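Descriptive analysis of the structure
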Amino acid sequence: MEHPVHELPTAPGESFWEKLYLPEIARGLGHTLKHMVNTLFGKPFTVQYPEQKLGLKPGYRGIIRLTKDAEGREKCVACFLCATACPAECIRIVAEPAPAAWKDRDKRPAQFELNFLRCINCGFCEEACPCEAIELIEEYFPVGTTRQEFIWDKAKLLSIDGRRNKPLEPARRT
Ligand code: SF4
Ligand code: SF4
């Protein structure tokens, strides 16, 4: 009884070497070897964060902060636009009337809470804000061991220093 001859599956136009697959296997092994050498002797892929940190790329959008005006007051006017735009529902605002001496606004946030455990760094809050009162900066996200450490109040959000992220490119806004 004759057995059928099994041929290697080929795509149209494949060369002899491509049909053999050996060069591709060797190339794959070379790639793996390169990463092994990099892991053992080169720049590490992972580090012991937060003690060690890899450099941030320009445009990194990390921690969120509230900004102040020239008089040191929060710029936020408690309009709720950021909280409305936030897809992760991580902003909680309680508004109150602004002090009578503040002639440029009617309201201000009595409470402003941001839950970094929920935040996905999308930047929608910054885009939605009409007062440039909230922004993402080039700083690492907070670390902590309790949930409460990731929920920052108004005072903490106003106290954050750091390099301001560049405004989002129009292409990234779409
Ligand atoms: S960056 Fe996105 S997820 Fe985080 S608070 Fe702003 S809108 Fe919400
Ligand atoms: S941060 Fe901006 S968008 Fe959010 S409530 Fe304050 S003023 Fe409105």
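What you see is a predicted model; the values in this text were computed from it and never measured.

This brings us to the overall build of the chain. Within the chain, the regular secondary structure consists of six helices and five strands. Listing each helix as α and each strand as β along the chain from the N terminus yields α-α-β-α-β-β-α-β-β-α-α. Taking all 174 residues of the chain together, 28% fall into the buried category. Relative to all contacts within the chain whose residues are 6 or more apart in sequence, the contacts with residues 24 or more apart total 67%. Roughly 12,400 Å² of accessible area belongs to the chain as shown, and the carbon and sulfur atoms make up 58% of that amount.

We now examine the pattern of salt bridges. Per the counting criterion, the structure on display carries 10 salt bridges. Across the salt bridge formed by Glu 24 and Arg 27, the nearest N and O atoms sit 3.0 Å from each other. With Glu 24 and Arg 27 both in helix H2 (residues 22–41) and three residues apart, the pair spans about one turn of that helix. Using a relative accessible area of 59% as the deciding quantity, one classes Arg 27 as exposed. In this structure, Asp 104 and Arg 105 form a salt bridge, with 3.4 Å as the shortest nitrogen-oxygen distance. Classification of Arg 105 as buried rests on a relative accessible area of 9%.

The next point concerns a nonpolar patch on the surface. A contiguous nonpolar surface patch, about 750 Å² in accessible area, is contributed by Phe 16, Trp 17, Leu 20, Tyr 21, Leu 22, Ile 25 and Leu 29. For the nonpolar patch, the secondary-structure elements that each account for two or more residues are helix H1 (16–20) and H2. By secondary structure assignment, the location of Leu 29 is in helix H2.

Judged by nonpolar contacts, the single largest core of 26 residues is most densely connected at Ile 64, Ile 91, Phe 112, Leu 114, Phe 116 and Ile 134. Breaking this core down by element, the ones donating at least two residues are strand S1 (64–66), strand S2 (91–97), strand S3 (107–115), strand S4 (134–136) and helix H5 (154–159). If near-sequence neighbours (up to four positions away) are discounted, Ile 64 is found in contact with Leu 114, Phe 116, Cys 119, Cys 125, Ile 134, Glu 135, Leu 136 and Leu 157.

A separate point is the sheet that holds S3. Spatially, S2-S3-S5 is the arrangement adopted by the three strands of the open sheet, whose pairing is antiparallel. Bordering the open sheet on either side are S2 and strand S5 (151–152), each of which pairs with just one other strand.

Neighbouring residues of ligand 1: 13 residues in total, closest Cys 86, Cys 119, Cys 122, Gly 123 and Cys 125. Taken together, the residues of the shell around ligand 1 break down into 11 nonpolar, two polar and no charged.

As a further point, take the side chain of Asn 121. Its location among the elements puts Asn 121 in the loop between S3 and helix H4 (124–128). Within polar-contact distance, the side chain of Asn 121 engages the backbone oxygen of Gly 62 at 3.2 Å. Not counting residues within four places of it along the chain, the set of residues in contact with Asn 121 comprises Arg 61, Gly 62, Leu 136 and Phe 141.

This next bit is on the packing of aromatic side chains. Think of a pair of aromatic rings as described by two things: how far the centres are apart, and how the planes are tilted against each other in angle. Applying the stated criterion to the full structure yields four aromatic pairs. A ring pair is formed by Phe 116 and Phe 141, whose centres lie 5.1 Å apart and whose planes are at 85°; its orientation type is edge-to-face. Placement of Phe 116 in the loop between S3 and H4 and of Phe 141 in the loop between S4 and S5 is noted, with a sequence separation of 25 residues between them. Under the relative-accessibility criterion, Phe 116 is labelled buried at 3%. In this structure an aromatic cluster arises from ring pairing among Tyr 49, Tyr 60 and Tyr 140. Sitting above the plane of the Trp 102 ring, Arg 108 keeps its charged end 5.1 Å from the centroid. Here Lys 156 stacks its cationic end above the ring of Trp 152, 4.6 Å away from the centre of that ring.

Calculation rules
- In every chain, residue numbers begin from 1 and rise along the written sequence.
- Written order decides the labels, with chains lettered from A and ligands numbered from 1.
- At least 70 in pLDDT is required for a residue's local features to be given in this predicted model, at least 80 for side-chain atom pairs to be given and counted, and no such filter applies to totals for whole chains, interfaces and linings, which use all residues.
- To obtain the side-chain values, all non-hydrogen atoms of the structure were included, while hydrogens and water were left out.
- Secondary structure follows DSSP: runs of H or I at least 4 residues long count as helices, runs of E at least 2 residues long count as strands, and numbering of each begins at the N terminus.
- With a 1.4 Å probe rolled over the protein chains alone, any residue whose accessible area is under 20% of its type maximum counts as buried; one over 50% counts as exposed, and the rest are partly exposed.
- The contact rule is simple, with two residues in contact once any of their heavy atoms fall within 4.5 Å.
- In short, Shrake-Rupley with a 1.4 Å probe defines the accessible areas, and a residue's cover is counted only from the protein chains shown.
- Between Lys or Arg on one side and Asp or Glu on the other, a salt bridge is scored when a side-chain nitrogen of the former is within 4 Å of a carboxyl oxygen of the latter.
- For patches, a residue must show more than 30% relative accessible area and have no salt bridge; joins then use 9 Å for like charges and 5 Å for nonpolar side chains, namely Val, Leu, Ile, Met, Phe, Trp and Tyr.
- We define the nonpolar core as a collection of buried residues of types Ala, Val, Leu, Ile, Met, Phe, Trp, Tyr and Cys that are connected through side-chain atoms lying within 4.5 Å of one another.
- When DSSP finds two or more bridges between two strands, those strands count as paired.
- In this text, near means that some heavy atom of the residue lies within 4 Å of the molecule or strand in question.
- Charged means Asp, Glu, Lys or Arg here, nonpolar means Ala, Val, Leu, Ile, Met, Phe, Trp, Tyr, Cys or Pro, and polar covers whatever is left, Gly included.
- Here a polar contact means two N or O atoms within 3.5 Å. Within protein one must be a hydrogen donor candidate and the other an acceptor candidate, and residues neighboring in sequence count only if both atoms are side-chain atoms.
- Two rings from Phe, Tyr or Trp (for Trp, the six-membered ring) form a pair when their centres are within 6.5 Å of each other. A pair whose planes differ by under 30 degrees is stacked, one over 60 is edge-to-face, and the rest are tilted.
- Whether a charge lies above a ring is judged from NZ of Lys or CZ of Arg, which has to be within 6 Å of the ring centre and within 35 degrees of the ring normal.

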